[in-house]
Amino acid sequence: MTTPSTTGQSTPTPTPSPAPPGALGRRGSLGPVGLVLAGGVSVQFGGALAVTLMPRAGALGVVTLRLLVAAIVLILVCRPRLRGHSRTDWGTVVVFGITMAAMNGLFYQAVARIPLGPAVTLEVLGPLALSVLASRRAINLVWAGLGLCGVFLLGGGGFGGLDPLGVAFALGAGAMWAAYIVFSARTGRRFPQADGLALAMAVAALLFLPLGIAESGAKLTDPVTIGLGAAVALLSSVLPYTLELLALRRLPASTFAVLMSLEPAIAATAGFLLLGQTLSATEAAAIALVIAASMGAVRTQVGR
């Protein structure tokens, strides 16, 4: 995964130039690695907080609050320029925003029905598939098979223990996450710094606002709900984006991508600590297999 997300999910960050040999000593690497891990913890604990907020505002209401607050913060911080962009530029950022909205909406529908750890594990299959397809190396068939074994274990041979609709939403969120990565890169090439991200977040927020109002109505104006929604936005979007942006100035892209592959494990931990969602030994093994497959695919991709 290459994004501080917006999905249970993180926003994309630009790929840095590889660090020169020896530039990151054993001690020096602890700082940026810590930032990435802190960003992952922030994202997943933000997702757990969002689950607790759903009874107050509904899944669509939570997504609306998250996107709206994150958009306001990013617009104020980035102050993106609105003039001087081509139709292609605007088309790219609009599609990026639509993808972001779909990814968040599907993921939150998933975590409203199935535990956070399995939901993130299923979602990460999207970036895993993208990495396998982008590499086109035979070894990636091994990683894909390993990931599918993990999914088979997670579903107990047929997802009898998980809500099928929740599973479908999580897989849909994974597909949108893969598209999100693609359009994040395209947006980053067309807009300076984080301007494209800020504009896309605004598009996503505007798209989701009618849905949130339709589902939650006046609940979205409750001060406690707004406060919790703002906390979700800061934990799941603003804070991890900032931490990972700082980390990528000193951390090789390969190390960053491998660390992001740990998100299913972090999500399972957050679900256990905040939501009391326990995993069976089989589910834990399934998550470990998907993490291993994701790490292997990433290392194969960056090692070409």
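Report on the accompanying structure. No experiment lies behind these values; they were computed from the predicted model shown.

### Some remarks on a nonpolar patch on the surface
Okay, step 1: A cluster of nonpolar side chains, namely L68, I72, L76 and V77, defines an oily patch on the protein surface of about 390 Å² accessible area.
Okay, step 2: Inspection of the secondary structure assignment puts V77 in helix α1 (residues 30-78).

### What to know about the packing of helix α2 (residues 87-111) against helix α7 (residues 195-216)
Okay, step 1: Relative orientation of the contacting elements α2 and α7 amounts to 55°, with a least axis distance of 7 Å. With respect to α7, the element α2 is oriented oblique. The crossing of α2 and α7 is right-handed. In contact with W90, V93, V94, F96, G97, I98, M100, A101 and G105 of α2, α7 contributes G196, L197, L199, A200, M201, V203, A204, L207 and F208.
Okay, step 2: Tallied by class, residues from the contact of α2 with α7 come to 15 nonpolar, three polar and no charged.

### Comments concerning helix α3 (residues 116-123)
Okay, step 1: Taking burial as the measure, the eight residues of α3 include eight buried ones, the bulk of the element.
Okay, step 2: Listed as buried for α3 are L116, G117, P118, A119, V120, T121, L122 and E123.

### Digging into empty space enclosed by the protein
Okay, step 1: What the largest cavity holds in volume is close to 30 Å³.
Okay, step 2: Surrounding the largest cavity, P115, L116, G117, P118, A268, G271, F272, Q277, T278 and L279 form its lining.
Okay, step 3: Of all the secondary structure elements, the ones that give two or more residues to the lining of the largest cavity are α3 and α10 (263-275).
Okay, step 4: Residues that form the lining of the largest cavity fall into these classes: six nonpolar, four polar and no charged.

### Things to note about α10
Okay, step 1: With 13 residues, α10 should cover 18 Å at 1.5 Å per step; its first-to-last C-alpha distance of 17 Å lies within 8% of that length.
Okay, step 2: Following α10 by one or two positions, G276 has its phi on the positive side, about 70°.

### Section: the nonpolar core
Okay, step 1: Ranked by size, the top nonpolar core spans 58 residues in total, and within it M100, F107, Y108, V111 and L116 carry the most contacts.
Okay, step 2: The greatest single-element share of this core, amounting to 15 residues, is contributed by α1.

### Thoughts on the packing of α3 against helix α6 (residues 164-190)
Okay, step 1: Two numbers describe how α3 lies on α6: the axes approach to 7 Å, and their chain directions differ by 45°. Judged by the angle between their axes, α3 and α6 are oblique. The handedness of the crossing between α3 and α6 is right-handed. Within the contact between the two elements, α3 uses A119, L122 and E123 and α6 uses V167, A170, L171, A173, G174 and W177.
Okay, step 2: Taken together, the residues of the contact of α3 with α6 sort by class into seven nonpolar, one polar and one charged.

### A look at the packing of aromatic side chains
Okay, step 1: Tallying each qualifying case throughout the model produces three aromatic pairs.
Okay, step 2: Arranged with centres 5.9 Å apart and planes meeting at 85°, the rings of F107 and Y108 form a pair that is edge-to-face. This pair shows no difference in class: F107 is buried, exactly as Y108 is.

### Notes on the environment of A170
Okay, step 1: Residue placement: A170 occurs in helix α6.
Okay, step 2: Spatially, the C-alpha atoms of A170 and A119 are 5.6 Å apart, while their sequence positions differ by 51 residues.
Okay, step 3: The contacts of A170, once residues within four sequence positions are left out, are A110, I114, A119, L122 and E123.

### Digging into unusual backbone geometry
Okay, step 1: Phi angles above zero are rare outside glycine, and R79 is one such case at about 45°.
Okay, step 2: Mapped onto the elements, R79 comes out in the loop between α1 and α2.
Okay, step 3: Residue classification places R79 among the exposed residues on the basis of a relative accessible area of 71%.

Calculation criteria
- Residues numbered from 1 in each chain as written.
- Predicted model: local features only at pLDDT ≥ 70, side-chain atom pairs only at ≥ 80, totals over all residues.
- Heavy atoms only, no water.
- Patch = residues over 30% accessible without salt bridge, like charges linked within 9 Å, V, L, I, M, F, W, Y side chains within 5 Å.
- Areas by Shrake-Rupley, 256 points an atom, 1.4 Å probe, with all protein chains shown as cover.
- Salt bridge = Lys/Arg side-chain N within 4 Å of Asp/Glu carboxyl O.
- Helix = DSSP H or I, 4+ residues; strand = E, 2+ residues; numbered from the N terminus.
- Axes fitted to C-alpha atoms, helices over the stretch in contact; angles between N-to-C directions.
- Parallel < 35°, antiparallel > 145°, perpendicular 65-115°, else oblique.
- Left-handed = near helix turned anticlockwise from the far one by under 90°.
- Contact = heavy atoms within 4.5 Å.
- Nonpolar A, V, L, I, M, F, W, Y, C, P; charged D, E, K, R; others polar.
- Buried < 20%, exposed > 50% of the residue type's maximum accessible area, 1.4 Å probe, protein only.
- 1 Å grid on protein atoms, 1.4 Å probe; cavity = no way out; pocket = protein on both sides within 12 Å on 5 of 7 lines; lining within 4 Å.
- Points joined across faces, edges and corners; volume = space filled by probe spheres on them.
- Expected span 1.5 Å × (residues − 1).
- Core = buried A, V, L, I, M, F, W, Y, C linked by side-chain atoms within 4.5 Å.
- Phe/Tyr/Trp six-rings, centres within 6.5 Å; stacked < 30°, edge-to-face > 60°.

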